[in-house]
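Per-entry structural report
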Amino acid sequence: PSGTAPSGTPAPIPAQPQKPYPESDPVKQAMQASPVVRQRSLPSDEQGRNRSYIVELQDGTTGVYKPHDGELAGIRTTVDDRYFTREAAASAIADAIGLGDLVPPTTIRTVGSTQGSIQKFVDDAKTAAGFVSESDVDIPAAAYGNNPEDVNRAALFDYLTGNSDRHLGNWMVT
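1. Some words on the environment of Asp158
Examined against the element boundaries, Asp158 turns out to sit in helix H4 (residues 149–161). Taking the C-alpha atoms as reference points, Asp158 and Ala90, 68 residues apart in sequence, are found 9.3 Å from one another. With residues up to four places along the chain from it excluded, the contact list for Asp158 reads Asn163 and Arg166.

2. Description of the confidence of the model for the protein
Interpreting fine coordinate detail is not advised for predicted regions of low pLDDT. Mean pLDDT for the protein: 77, with 67% of residues reaching 70 or above. Contacts of residues 13–20 to residues separated by more than four positions or lying in other chains number 9 contacts, the stretch itself having pLDDT below 50.

3. Brief notes about helix H1 (residues 26–33)
All buried positions along H1 are accounted for by Lys28, Met31 and Gln32. Angularly, the buried residues of H1 cover 100° about the axis, an arc narrow enough to put them on a single face. Taken together, the buried residues of H1 touch strand S2 (53–57), helix H2 (83–96), strand S4 (106–111) and strand S5 (114–120).

4. Digging into the pattern of salt bridges
Side chains carrying opposite charge are able to pair once their charged atoms draw close together. This structure, assessed with the given rule, holds 5 salt bridges. Two residues, Glu56 and Arg38, come together in a salt bridge whose shortest N-O distance is 2.7 Å. Placement of Glu56 in strand S2 and of Arg38 in strand S1 (residues 36–41) is noted, with a sequence separation of 18 residues between them.

5. Quick notes on the sheet that holds S1
Spatially, S1-S2-S3-S5-S4 is the arrangement adopted by the 5 strands of the open sheet, whose pairing is antiparallel. Strand pairing shows two members of the sheet lacking a second neighbour, S1 and S4, which therefore form its edges. On average, adjacent strands in this sheet sit at an angle of 35° to one another, irrespective of strand direction. Alignment of S4 against S5, held across 6 bridges, turns out to be antiparallel. In the sheet register, Val111 faces S5, and the bridge partner there is Thr114. In this fold H1 packs onto S2, S4 and S5, with an angle of close to 15° to the strand it touches most, S4.

6. Description of the side chain of Ser117
With respect to the element layout, Ser117 can be found in strand S5. Dropping the residues within four chain positions of it, Ser117 is found in contact with Val64, Tyr65, Lys66, Phe84, Glu87, Thr106, Thr107 and Ile108.

7. Quick word on the pairing of strand S3 (residues 62–67)
Taken together, the 4 bridges between S2 and S3 define a ladder with antiparallel strand orientation. Looking across to S3, one finds that Val55 is bridged to Gly63. Where S2 folds back on S3, the antiparallel hairpin that results is connected by 4 residues, among which Gly60 adopts a positive phi of roughly 100°. Bridge analysis of S3 against S5 gives 5 bridges, and the strand direction is antiparallel.

8. Observations concerning a nonpolar patch on the surface
On the surface, a nonpolar cluster with roughly 520 Å² of combined accessible area is contributed by Ile93, Ile97, Leu156, Tyr159 and Leu160. Counting residues per element, the nonpolar patch draws most heavily on H4, at 3 residues. By secondary structure assignment, the location of Tyr159 is in helix H4.

Thresholds applied
- Residues numbered from 1 in each chain as written.
- Predicted model: local features only at pLDDT ≥ 70, side-chain atom pairs only at ≥ 80, totals over all residues.
- Heavy atoms only, no water.
- Helix = DSSP H or I, 4+ residues; strand = E, 2+ residues; numbered from the N terminus.
- Contact = heavy atoms within 4.5 Å.
- pLDDT = per-residue confidence, 0-100.
- Buried < 20%, exposed > 50% of the residue type's maximum accessible area, 1.4 Å probe, protein only.
- Arc of directions from axis to C-beta.
- Salt bridge = Lys/Arg side-chain N within 4 Å of Asp/Glu carboxyl O.
- Pairing = 2+ DSSP bridges.
- Axes fitted to C-alpha atoms, helices over the stretch in contact; angles between N-to-C directions.
- Patch = residues over 30% accessible without salt bridge, like charges linked within 9 Å, V, L, I, M, F, W, Y side chains within 5 Å.
- Areas by Shrake-Rupley, 256 points an atom, 1.4 Å probe, with all protein chains shown as cover.

Here's what the structure looks like:
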């Protein structure tokens, strides 16, 4: 069919204006506009299935950049292969419904010639797996340490956004 790409290749993104998603949040505005001064791959043990980079912006902001061309096509059959747009949408939804503390500021931007998402880097964040041990009986509550009620808030957020991929390896906790 028209508009599809070979398996494993992201579908091309139609040409967009440089700032297709105007932001009112000053942090997100800066993440869209500040030039990238340094970019490096995440260490392999912190890398998900899709390619991600740590980027440092000229204004001093550090973020995690997930380019569209680094997405592995077809890994989820229930959503299209533009995962970067879902990252930014999740941030916007979380802000709108009062759960913004669960999702770091995330927006869409172009780095070089590639569009993707950039999420504000959170110092000292660890995967939820780093907060639990095999002896924990209630793993979701243990993963939130001092804030077990956040497990219910995260579950509600996942339900509202259709996230079916929450596990201890892709859930960051501070």
